[in-house]
Amino acid sequence: QVQLVESGGGLVQSGGSLRLSCAASGRIFSSSTMGWYRQAPGNARELVATFISGGLTNYADSVKGRFTISRDSAKNTVFLQMNSLKPEDTGVYYCTITNQWGQTSWGPGTQVTVSS
């Protein structure tokens, strides 16, 4: 099993920045990939940013140029730097880790609220 713990969420004004962190522990394979999803009230959960095979990254169009995903592989930690935040970025942000068999584990989520 894999455990994920997110941190760094909070309340910020529009145009501000936040940095989310997620630490993974447990049975982690070197080929696993980590990423971030979010869910706004009344909306479906959506991809924000994720690492894919080969160390490449994938971003939602809505966050390109504003958010940056990074990682510390030695510590099984992934980060999400969020700049120029907008009220529509408000939601619960979830960290994920996916193994080579396509099994995904989810963190409990951290709330991000952007005020206008």
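Residues numbered from 1 in each chain as written. Predicted model: local features only at pLDDT ≥ 70, side-chain atom pairs only at ≥ 80, totals over all residues. Heavy atoms only, no water.

## What about the environment of threonine 110?
Structurally, threonine 110 can be placed in strand S11 (residues 110–115). Overall, the relative accessible area of 12% leaves threonine 110 in the buried class. Placed 55 residues apart in sequence, threonine 110 and glycine 55 show a C-alpha to C-alpha distance of 25 Å. Contacts of threonine 110, omitting those with residues within four sequence positions, involve Glu6, Gly9, Leu20, Gly91, Val92 and Tyr93. At a separation of 3.4 Å, a polar atom in the side chain of threonine 110 contacts the main-chain amide nitrogen of glycine 9. (Helix = DSSP H or I, 4+ residues; strand = E, 2+ residues; numbered from the N terminus. Buried < 20%, exposed > 50% of the residue type's maximum accessible area, 1.4 Å probe, protein only. Contact = heavy atoms within 4.5 Å. Polar contact = N/O pair within 3.5 Å; in protein donor to acceptor, adjacent residues only side chain to side chain.)

## Comments concerning the sheet that holds strand S8 (residues 77–82)
With respect to topology, four strands assemble into an open sheet ordered S1-S3-S8-S7, the strand pairing being antiparallel. One side of each edge strand has no neighbouring strand; the edge strands of this open sheet are strand S1 (2–7) and strand S7 (67–72). Along the sheet, successive strands turn relative to each other by an average axial angle of 15°, direction set aside. As judged from the six bridges shared by S1 and strand S3 (residues 18–26), these two strands associate in the antiparallel manner. The residue bridging leucine 4 from the neighbouring strand is alanine 24, located in S3. (Pairing = 2+ DSSP bridges. Axes fitted to C-alpha atoms, helices over the stretch in contact; angles between N-to-C directions.)

## Notes on the state of the cysteines
Within the structure shown, the criterion is met by one disulfide. For cysteine 22, the disulfide goes to cysteine 95, at an S-S distance of 2.1 Å. Between cysteine 22 and cysteine 95, the S-S dihedral sits near -85°, and the bridge is therefore left-handed. In this pair, cysteine 22 is assigned in strand S3 and cysteine 95 in strand S9 (residues 91–98), connecting sequence segments 73 residues apart. Taken as a pair, cysteine 22 and cysteine 95 share a single burial class, namely buried. (Disulfide = S-S within 2.5 Å.)

Function cannot be inferred from these measures alone, as they are strictly geometric.
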